[in-house]
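# Analysis of the macromolecular model
Residue-level listing of the chains:
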Amino acid sequence: MSAARINDRPESLARRRILDTATALFSLEGVRAVGIDRIIAEAGVAKATFYHHFAAKDDLVRAYIEEISKGGRAAIASLGRRPPRLMILAVFDLIAGAADQPGYRGCPFQNAAAEYPDARSPVRQAIDKHRHWKWGILRDLLIADANPDPDRTADALTVAADGLLVVSHLDRPANLRSLIRDTVDRVLGAPRPV
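Computed from a predicted model, the values in this text were never measured in an experiment.

## Some points on the overall build of the chain
Along its length, the chain carries 9 helices and 2 strands. In the chain, the succession of α and β elements from N to C terminus is β-β-α-α-α-α-α-α-α-α-α. For the chain, the spread of C-alpha atoms along the principal axes amounts to about 60 × 40 × 30 Å. The 194 residues of the chain split such that 42% are buried. Counting contacts in the chain only where the partners sit at least 6 residues apart, residues at least 24 apart contribute 62% of the total.

Structure (structure tokens):
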């Protein structure tokens, strides 16, 4: 079921306001630091309206993660078709672009995972689903690029992406894009002859 549709009806404006408010606050302050009452007040909805759309805060956090995942999927889909190696670089350019935004406070998936360590949590499961999808995209591109060990290389690229997101938040390197490109090139090695 799409995050934008509930029971095949368009998403309500109140639900959208709640989710948009939560997204802004969670991104700025962290998930655990922001309470439901504040989200309700800033979204301008009644408490009953909040609970009509989200049974608990964890349901809202899961929806927030799914919304960000949906945005990531759309961004990658917007890249169109490219040769596999160039597509991998384009995916990492998207990561660099996200990390280079003013006010960037770290990867929302990493941040939420730190606050939801229990693998059985629906929030953590939504995070894991997104990460598995991203890993799968990389693996499929590596297979198309004739990489000799696509699973291991997808693991290495995932670790590199996670590390670059942390570094971009903590150190704010001015050369982030070239650092990301250099990292990907080193993990992939020289292009294989066709």
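## Topic: helix H1 (residues 13–29)
Look at H1: 24 Å from first C-alpha to last across 17 residues, which is about the 24 Å you get at 1.5 Å a residue. Taken residue by residue, H1 has Ala14, Arg15, Ile18, Leu19, Thr21, Ala22, Leu25 and Phe26 as its buried positions. Down the axis, H1 shows its buried residues gathered within 165 degrees of arc, on one side only. Gly30, located one to two residues past H1, shows a positive phi value of around 100 degrees.

## What to know about helix H4 (residues 57–77)
Each full turn of the α-helix corresponds to 3.6 residues, which orients residues three or four apart in the same direction. Compared with an ideal rise of 1.5 Å per residue, which puts 21 residues at 30 Å, H4 spans 30 Å between its outermost C-alpha atoms and is within 8% of the ideal. Turning to H4, its buried residues number three or more, namely Lys57, Leu60, Val61, Ala63, Tyr64, Ile65, Glu67, Ser69 and Ile76. Where H4 is buried, its residues touch H1, helix H2 (36–43), helix H3 (47–53), helix H5 (84–99), helix H6 (108–115) and helix H7 (122–144).

## Digging into the packing of aromatic side chains
All told, the structure shown has 3 aromatic pairs when counted by the stated rule. Arranged with centres 5.1 Å apart and planes meeting at 75 degrees, the rings of Phe26 and Tyr64 form a pair that is edge-to-face. You can see Phe26 sitting in helix H1 and its partner Tyr64 sitting in helix H4, a full 38 residues away along the chain. Its relative accessible area of 4% is what places Phe26 among the buried residues. Arranged with centres 5.7 Å apart and planes meeting at 40 degrees, the rings of Phe50 and Phe54 form a pair that is tilted. A network of ring pairs unites the aromatic residues Phe50, Tyr51 and Phe54 as a single cluster. Note that Arg32 overlies the ring of Tyr116, its terminal NZ or CZ placed 4.1 Å from the centroid.

## Things to note about the confidence of the model for the chain
In this model, the chain carries an average pLDDT of 89, and 91% of its residues clear a pLDDT of 70 or more. A low-confidence stretch, residues 1–8 (pLDDT under 50), is modelled with 12 contacts involving residues beyond four sequence positions or located in other chains.

Definitions and cut-offs
Residues numbered from 1 in each chain as written. Predicted model: local features only at pLDDT ≥ 70, side-chain atom pairs only at ≥ 80, totals over all residues. Heavy atoms only, no water. Helix = DSSP H or I, 4+ residues; strand = E, 2+ residues; numbered from the N terminus. Buried < 20%, exposed > 50% of the residue type's maximum accessible area, 1.4 Å probe, protein only. Contact = heavy atoms within 4.5 Å. Expected span 1.5 Å × (residues − 1). Arc of directions from axis to C-beta. Phe/Tyr/Trp six-rings, centres within 6.5 Å; stacked < 30°, edge-to-face > 60°. Lys NZ or Arg CZ within 6 Å of the ring centre and 35° of its normal. pLDDT = per-residue confidence, 0-100.

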